[in-house]
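# Summary of the model geometry
What follows is the residue order along each chain.
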Amino acid sequence: FDFFLRSGPMAKVVLGVLLLFSVGSWGILLGKLVHLRRASLHSRTFLEVFHQSKRFSEVAASTSKLFASPLVGLFQAGYAEIDAQVKAQGEAGTSSQRFRIKSLEGVERSLRRAAGVEIQLLAKGTHFLATTAAATPFIGLFGTVWGIMRAFTDIGLSGSTSIVAVAPGIAEALVNTAAGLAAAIPALIGYNYLNN
């Protein structure tokens with residue numbers, strides 16, 4: 001904090017941007033961890049209900065309580081497609097009481113679409129982690145270059161190459177480098193963890 005207060009205006013801007021990236025990525029990371037934990041618990045409960053139920057309608061009744069599970073979205077999409085096919089057979093006036101799935105391809109397509117939607121929901125926000133991991137080292141590097149330019153300017157103004165003349169600029173440069181890495185490393189680890 002002392003380095004921040006003593007740094008120049010450009011270093012403050014760089015550190016502020018890095019702080020925003022860091023806080024945003026930590027917020028997304030912690031939110032995603034909570035979401036994934038809830039999804040895992042709801043998925044386990046859904047699978048228990050699914051395996052114990054004898055009818056799809058029983059499973060469908062329990063899905064409203066297990067909203068965080070991506071399996072619920074898949075089940076609802078498949079169930080809606082199967083239900084639509086069965087109702088279409090009933091409207092066609094078939095005399096047999098046994099209804100069959102007419103198009104497995106249709107069920108498969110609806111499940112693929114639902115899987116894509118569920119994957120997008122699980123991955124929502126993680127692109128910001130990847131952006132933070134990729135961009136913040138370069139933002140920190142910009143601050144580093146600016147600090148070194150300031151150090152050279154101080155050398156030129158003072159006419160001295162002593163540590164007293166260059167220390168503020170070098171310190172500013174190193175703080176920006178450290179802040180860039182401090183923002184990037186957790187974001188990169190978090191992105192890779194969530195991606196897996």
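Residue numbers run consecutively from 1 along every chain, following the written order of its sequence. pLDDT decides what is reported in this predicted model: residues at 70 or higher carry local features, side-chain atom pairs at 80 or more are listed and counted, and totals for whole chains, interfaces and linings draw on all residues regardless. Heavy atoms from the whole structure form the basis of all side-chain values; hydrogens and water molecules are not counted.

Only DSSP runs of H or I with at least four residues qualify as helices, and only runs of E with at least two residues qualify as strands; both kinds are numbered from the N terminus onward. For the protein chain, the count of helices and strands is seven helices and zero strands. Counting from the amino terminus, helix and strand elements in the protein chain follow one another as α-α-α-α-α-α-α. In terms of C-alpha radius of gyration, the protein chain reaches 28 Å, well past the compact-globule figure of 16 Å for 196 residues. Seen through its principal axes, the protein chain has C-alpha atoms that stretch 100 × 25 × 20 Å. Only protein chains enter the area calculation, which uses a 1.4 Å probe; residues under 20% of their type maximum are buried, those over 50% are exposed, and those in between are partly exposed. Taken across its 196 residues, the protein chain has 31% of its residues classed as buried. In the protein chain, 70% of the contacts between residues at least 6 apart in sequence involve partners at least 24 apart. Accessible surface area values rest on a Shrake-Rupley calculation with a 1.4 Å probe, where residue burial reflects the displayed protein chains alone. Accessible area for the protein chain stands at about 12600 Å²; split by element, carbon and sulfur atoms hold 66% of it. Residues scored as positive are Lys and Arg, those scored as negative are Asp and Glu, and His as well as the terminal groups of each chain are ignored. A single reference atom marks each charge: NZ on Lys, CZ on Arg, CG on Asp, CD on Glu. Once the 18 positive and 11 negative side-chain charges of the protein chain are each reduced to a mean point, those two points are 5 Å apart. To get the radius of gyration, use the C-alpha atoms; to get the globule rule, take the number of residues to the power 0.38 and multiply by 2.2 Å. Note on contacts: a residue pair qualifies if any of its non-hydrogen atoms lie within 4.5 Å across the two residues.

The next point concerns the side chain of Ser 43. Structurally, Ser 43 is set in helix H2 (residues 9-52). Note on Ser 43: relative accessible area 13%, which makes it buried. For Ser 43, the residues in contact, after removing those within four places along its chain, are Ser 69, Pro 70 and Leu 71.

What follows is about the pattern of salt bridges. Side chains that differ in charge, positive against negative, can pair when their charged atoms come close. Salt bridges are defined by distance alone: a side-chain nitrogen of Lys or Arg within 4 Å of a carboxyl oxygen of Asp or Glu. Tallied over the full model, the rule gives two salt bridges. The partner of Glu 108 in a salt bridge is Arg 112, with the nearest N and O atoms 2.7 Å apart. Taken together, the residues span about one helical turn, with Glu 108 and Arg 112 both in helix H5 (residues 104-123) at a distance of four residues.

Take helix H6 (residues 126-158) next. The α-helix winds at 3.6 residues per turn, so residues separated by three or four positions along the chain end up facing the same way. The length a helix should cover is 1.5 Å for every residue beyond the first. The terminal C-alpha atoms of H6 lie 48 Å apart, and with 33 residues this matches the ideal 48 Å at 1.5 Å per residue to within 8%. At Ala 135, H6 shows its maximal kink, close to 35°; a proline, Pro 137, follows between one and four residues later. In this fold, the buried residues of H6 make contact with H2, H5 and helix H7 (163-195). Taken from the residues just after H6, Gly 159 is the one with a positive phi, measuring 75°. What we call the bend at a residue is the angle made by axes fitted to the seven residues finishing there and the seven residues starting there.

Aromatic rings from Phe, Tyr and Trp, taking only the six-membered ring of Trp, are treated as a pair when their centres fall within 6.5 Å; an angle between ring planes under 30 degrees marks them as stacked, one over 60 as edge-to-face, and anything in between as tilted. Under the defined criterion, the tally for this structure stands at nine aromatic pairs. Both rings, one in Phe 21 and one in Phe 128, keep their centres 5.6 Å apart while their planes meet at 10°; by these two values the pair is stacked. With a gap of 107 residues between them, Phe 21 in helix H2 and Phe 128 in helix H6 connect regions that are remote in the sequence. Judged by its relative accessible area of 19%, Phe 21 is buried. A connected cluster of aromatic rings, assembled from ring pairs, spans Phe 46, Phe 50, Phe 56, Phe 75 and Tyr 79.

Moving on to a nonpolar patch on the surface. A residue counts toward a patch only above 30% relative accessible area and without a salt bridge, and it is joined to like-charged neighbours within 9 Å or, for Val, Leu, Ile, Met, Phe, Trp and Tyr, to nonpolar neighbours within 5 Å. On the surface, a nonpolar cluster with roughly 590 Å² of combined accessible area is contributed by Phe 138, Leu 141, Phe 142, Val 145, Trp 146 and Met 149. Inspection of the secondary structure assignment puts Val 145 in helix H6. The class for Val 145 is partly exposed, based on a relative accessible area of 42%.

Moving on, we get to H5. Here H5 is 20 residues long and its end C-alpha atoms lie 28 Å apart, about the 28 Å a rise of 1.5 Å per residue gives. All of the buried residues along H5 are Gly 106, Val 107, Ser 110, Ala 114 and Glu 118. Mapping the buried residues of H5 onto a view down its axis gives an arc of 105°, with all of them on the same face. Opposite the packed face of H5, turned more than 90 degrees from it, sit the exposed residues Leu 104, Glu 105, Arg 112, Arg 113, Ile 119 and Gln 120. Throughout, the arc means that of the directions going from the helix axis to the C-beta atoms.

Keep in mind that these numbers describe shape and distance, not what the molecule does.
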